[in-house]
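Architecture and fold: a report
One letter stands for each residue in the lines below.
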Amino acid sequence: MVPVRNGLIPALIQSAAASFRTEGISPNPANTGVLYHHGTCYALWEGGMLVRLEDVASLRTAAASSDARPLRDLKEQLKTSGTIGFTAHPKVCPETGELLFMGYNSQAMGSVTVGCLAADGTLKNLAVVKFPSRSSKESTQPLLHDLAITQRHVVLIDQSVNVRISRFLKGQHPLGFDQQSPMRFGLVPRDNPGGPVQWFELETASSLMHIVNAFEQLDSRVVLIGCRIAHLDLIPAGRRELRTDPGVLTEWVIDPRCGTVTERMLNCAVGVDFPRVNDSCMSKPFRFSYLSRMPGASSAEGVKFDALVKYDLAEDESVVHEMGDSRQGYGR
């Protein structure tokens, strides 16, 4: 049993998130996601707390001391619960205006804080969710990067990229791809994150860093669409090489009644990631999504795109817009 008080678990979890941070900049670069909620723009990175942008045009951030009372209260409540980060990809429900989020929790390996902000920015609920134990006796902490929402669920991704204390004790980076840990999905009750969570395990190990969308069908099955990566090795910041297989647009159908999950590859360009849907379609059935195509390997500095892809779920087909010679996009 690893004691929490000595700071080892928070340090290991922070080291996982730090794999996305560029050397030599702020401990919380807040450079992964941008979000508007309740009239405020936030810059986000899962290794730290949300940062308020004081001026969007100049990207000037506001000092924490100038935060309004609701934001100060939120940060204090998260700190009290043991939460040491705020997800880079929270989701806003277009129907209720609620913001659903998660964050690393330092109280124990293999746990995550799940919460909801009401439309007015106040905290509606907050709970710590534990990931089920694997066959290994060693506790693991999955890399937490994205989540999905439906009308009734928050969908957690327990991917095969995780933190292991045994790697740290061997002098290795604690974050790695775990071939013995198949990816799992957890359906968390959206209005009661502290309630029972139903888990669904895939047959093989894989990674899912970015989700397109999720929604519920009339028979209560949950459809989840995202960019599946068969093998992902995140190398510590400072090294230039990053091993990642091409992202494949994939659909998973989760059946809570039968306790099953099925997987199928969609008819879309290979090597896609960083997806988007219209925000008004979040948590609902949708037709179109937009993705970036990555022509080659990534590096520690980021990923390069050479085309934009529009995918049509109704027709299961995609259209590719080539950026042209000597033109490319860039992201992290």
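Structural notes, computed from the coordinates. (Residues numbered from 1 in each chain as written. Predicted model: local features only at pLDDT ≥ 70, side-chain atom pairs only at ≥ 80, totals over all residues. Heavy atoms only, no water.)

1. Overview of the packing of aromatic side chains
- Inspection of every chain in the model, using the stated rule, returns five aromatic pairs.
- Consider the rings of F131 and W199, whose centres lie 5.4 Å apart with planes at 50 degrees: the pair is tilted. In this pair, F131 sits in the loop between β8 (123-130) and β9 (140-142) while W199 sits in strand β15 (residues 198-201), placing the two residues 68 residues apart along the sequence.
- The class for F131 is buried, based on a relative accessible area of 10%.
- Measuring from ring centre to ring centre gives 5.3 Å for F185 and W252, while their planes differ by 70 degrees; the resulting arrangement is edge-to-face. Taken together, the residues span a long stretch of sequence, with F185 in strand β14 (residues 184-189) and W252 in strand β20 (residues 248-255) at a distance of 67 residues. With respect to class, F185 is no different from W252; both count as buried.
- Positioned over the ring face of W199 is R184, at 5.9 Å from the centre of the ring.
- The ring of F288 has K310 lying over it, and the distance from NZ or CZ to the ring centre is 4.4 Å. (Phe/Tyr/Trp six-rings, centres within 6.5 Å; stacked < 30°, edge-to-face > 60°. Helix = DSSP H or I, 4+ residues; strand = E, 2+ residues; numbered from the N terminus. Buried < 20%, exposed > 50% of the residue type's maximum accessible area, 1.4 Å probe, protein only. Lys NZ or Arg CZ within 6 Å of the ring centre and 35° of its normal.)

2. Brief notes about the sheet that holds strand β27 (residues 317-322)
- Ordered in space as β22-β23-β26-β27, the four strands form an open sheet in which the pairing is antiparallel. Looking at which strands have only one partner, the edges of the open sheet turn out to be β22 (272-276) and β27. The average undirected angle you get between the axes of adjacent strands in this sheet is 30 degrees.
- Relative to strand β23 (residues 288-293), β22 is paired through three bridges, and the arrangement is antiparallel. If you follow V272 over to β23, its bridge partner there is R293. (Pairing = 2+ DSSP bridges. Axes fitted to C-alpha atoms, helices over the stretch in contact; angles between N-to-C directions.)

3. What to know about the sheet that holds strand β7 (residues 111-117)
- What the four strands build is an open sheet, ordered β5-β6-β7-β8; its pairing is antiparallel. Lying at the two open borders of the sheet, with one neighbouring strand each, are β5 (91-92) and β8.
- Pairing analysis gives two bridges linking β5 to strand β6 (residues 99-104), with the strands arranged antiparallel. Considered in β6, the bridge of V92 is made with L99.
- Taken strand by strand, helix α2 (residues 69-80) contacts β6, β7 and β8, and its axis lies near 20 degrees from that of β8. (Contact = heavy atoms within 4.5 Å.)

4. Re the nonpolar core
- Formed by 45 residues in total, the largest nonpolar core has its most connected members in V112, L156, I225 and L249.
- For this core, the element with the highest residue contribution is strand β17 (residues 222-229), accounting for four residues.
- Ignoring sequence-local partners within four residues, the contact set of V112 consists of M102, G103, N105, A127, V128, V129, F131, L144 and L156.
- By size, the runner-up hydrophobic cluster in this structure holds 16 residues, among which are A148, L208, I211 and V222. (Core = buried A, V, L, I, M, F, W, Y, C linked by side-chain atoms within 4.5 Å.)

5. Structural notes on the side chain of N162
- Looking at the element boundaries, N162 is found in strand β12 (residues 161-164).
- Here N162 falls in the buried class, since its relative accessible area comes to 2%.
- Within polar-contact distance, the side chain of N162 engages the side chain of D178 at 3.2 Å.
- Apart from residues no more than four positions distant in its own chain, N162 is found in contact with T140, Q141, P142, L143, R167, P174, L175, G176, D178 and S181. (Polar contact = N/O pair within 3.5 Å; in protein donor to acceptor, adjacent residues only side chain to side chain.)

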